[in-house]
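Spelled out, the chains give:
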Amino acid sequence: MKKLVPYLPSIAVLSAILAFSLWNDAHMSSETSRWRAQLDQADALVQEERWEEAQVKLTESYEDWSSSQTYLHIVSQHDAVDDAEAMYRRAMAFADTRELSEFRAELSDLRDQLRLLAEMERLNLNNVL
């Protein structure tokens, strides 16, 4: 046991890093799943030609997304976060002009980008190496 004492601070730091990584993986998956579900709802509303409600749902999703910007910029790659931000803005512009095919394509790309954000934070061998 005495031989382990000098290594305890290092073990504690590594354990804390592992715990944060596991928490971050779960948290990011939860957040992106919620945003993707919100986008699915907006998409469903547009398919029913309920554009105003879809715009409200998209705005709510964007505000929810925006409230996590500090966290996202700390733990994720800035380019990936910035790309998703731009996709949200383009989707809102397409919703304003009611361009169905462009709006749905942008939502699809945005959902995929959010999925990639969660994947980048996943604790797996590819991300560690």
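Structure first, text after, so check above.
Given the structure is predicted, the values throughout are model-derived calculations rather than measurements.

A. The arrangement of unusual backbone geometry in detail. Phi at Glu49 takes a positive value of approximately 65°, unusual for a residue other than glycine. When you line up the elements, Glu49 lands in the loop between helix 1 (8–47) and helix 2 (51–66). The residue Arg98 is not glycine, and still its phi comes out positive at about 55°.

B. Quick look at a nonpolar patch on the surface. Residues Leu4, Val5, Tyr7, Leu8 and Ile11 make up a contiguous nonpolar surface patch of roughly 470 Å² in combined accessible area. Along the polypeptide, Leu4 turns up in the segment before helix 1.

C. Broad picture of the packing of aromatic side chains. According to the stated counting rule, one finds six aromatic pairs in the structure shown. An angle of 80° between the planes, with centres 6.2 Å apart, marks the rings of Trp23 and Tyr71 as edge-to-face. One end of the pair, Trp23, is in helix 1; the other, Tyr71, is in helix 3 (residues 69–75), and 48 residues separate them in sequence. Note on Trp23: relative accessible area 45%, which makes it partly exposed. An aromatic cluster is built from Trp35, Tyr62, Trp65 and Tyr88, whose rings are joined through pairwise contacts.

D. Region of interest: helix 2. Counted at 1.5 Å a residue, the expected span for helix 2 with its 16 residues is 22 Å, and the 22 Å between its end C-alpha atoms agrees. Looking at helix 2, one finds that the buried residues are Trp51, Ala54, Leu58, Ser61, Tyr62, Asp64 and Trp65. In a view along the axis of helix 2, the buried residues occupy a sector of 160°, so they form one face of it.

E. Main features of the side chain of Thr32. Looking at the secondary structure, you find Thr32 in helix 1. Looking at Thr32, the relative accessible area reads 2%, which means it is buried. From its side chain, Thr32 meets the backbone oxygen of Met28 in a polar contact 2.9 Å long. Not counting residues up to four positions away in its chain, the partners in contact with Thr32 are Leu114, Leu117 and Ala118.

F. Main features of helix 4 (residues 78–97). In this model helix 4 runs 29 Å from its N-terminal to its C-terminal C-alpha over 20 residues, within 8% of the 28 Å that 1.5 Å per residue would give. Ala80, Val81, Ala84, Glu85, Met87, Tyr88, Ala91, Met92, Phe94 and Ala95 are the residues of helix 4 that are buried. Its buried side turned inward, helix 4 meets helix 1, helix 2, helix 3 and helix 5 (100–121). Immediately downstream of helix 4, the backbone of Arg98 shows phi near 55°, a positive value.

G. Seen up close, the packing of helix 2 against helix 4. At a minimum axis distance of 10 Å, the contact between helix 2 and helix 4 shows a crossing angle of 160°. Considering the angle they form, helix 2 stands roughly antiparallel to helix 4. The two elements helix 2 and helix 4 cross, and the hand of that crossing is left-handed. Contacts from Trp51, Gln55, Leu58, Ser61, Tyr62 and Trp65 of helix 2 reach helix 4 at Val81, Ala84, Glu85, Tyr88, Arg89, Ala91, Met92, Phe94, Ala95 and Asp96. When its residues are assigned to classes, the contact of helix 2 with helix 4 shows eleven nonpolar, two polar and three charged.

Rules of the game
- Residues numbered from 1 in each chain as written.
- Predicted model: local features only at pLDDT ≥ 70, side-chain atom pairs only at ≥ 80, totals over all residues.
- Heavy atoms only, no water.
- Helix = DSSP H or I, 4+ residues; strand = E, 2+ residues; numbered from the N terminus.
- Patch = residues over 30% accessible without salt bridge, like charges linked within 9 Å, V, L, I, M, F, W, Y side chains within 5 Å.
- Areas by Shrake-Rupley, 256 points an atom, 1.4 Å probe, with all protein chains shown as cover.
- Salt bridge = Lys/Arg side-chain N within 4 Å of Asp/Glu carboxyl O.
- Phe/Tyr/Trp six-rings, centres within 6.5 Å; stacked < 30°, edge-to-face > 60°.
- Buried < 20%, exposed > 50% of the residue type's maximum accessible area, 1.4 Å probe, protein only.
- Expected span 1.5 Å × (residues − 1).
- Arc of directions from axis to C-beta.
- Polar contact = N/O pair within 3.5 Å; in protein donor to acceptor, adjacent residues only side chain to side chain.
- Contact = heavy atoms within 4.5 Å.
- Axes fitted to C-alpha atoms, helices over the stretch in contact; angles between N-to-C directions.
- Parallel < 35°, antiparallel > 145°, perpendicular 65-115°, else oblique.
- Left-handed = near helix turned anticlockwise from the far one by under 90°.
- Nonpolar A, V, L, I, M, F, W, Y, C, P; charged D, E, K, R; others polar.

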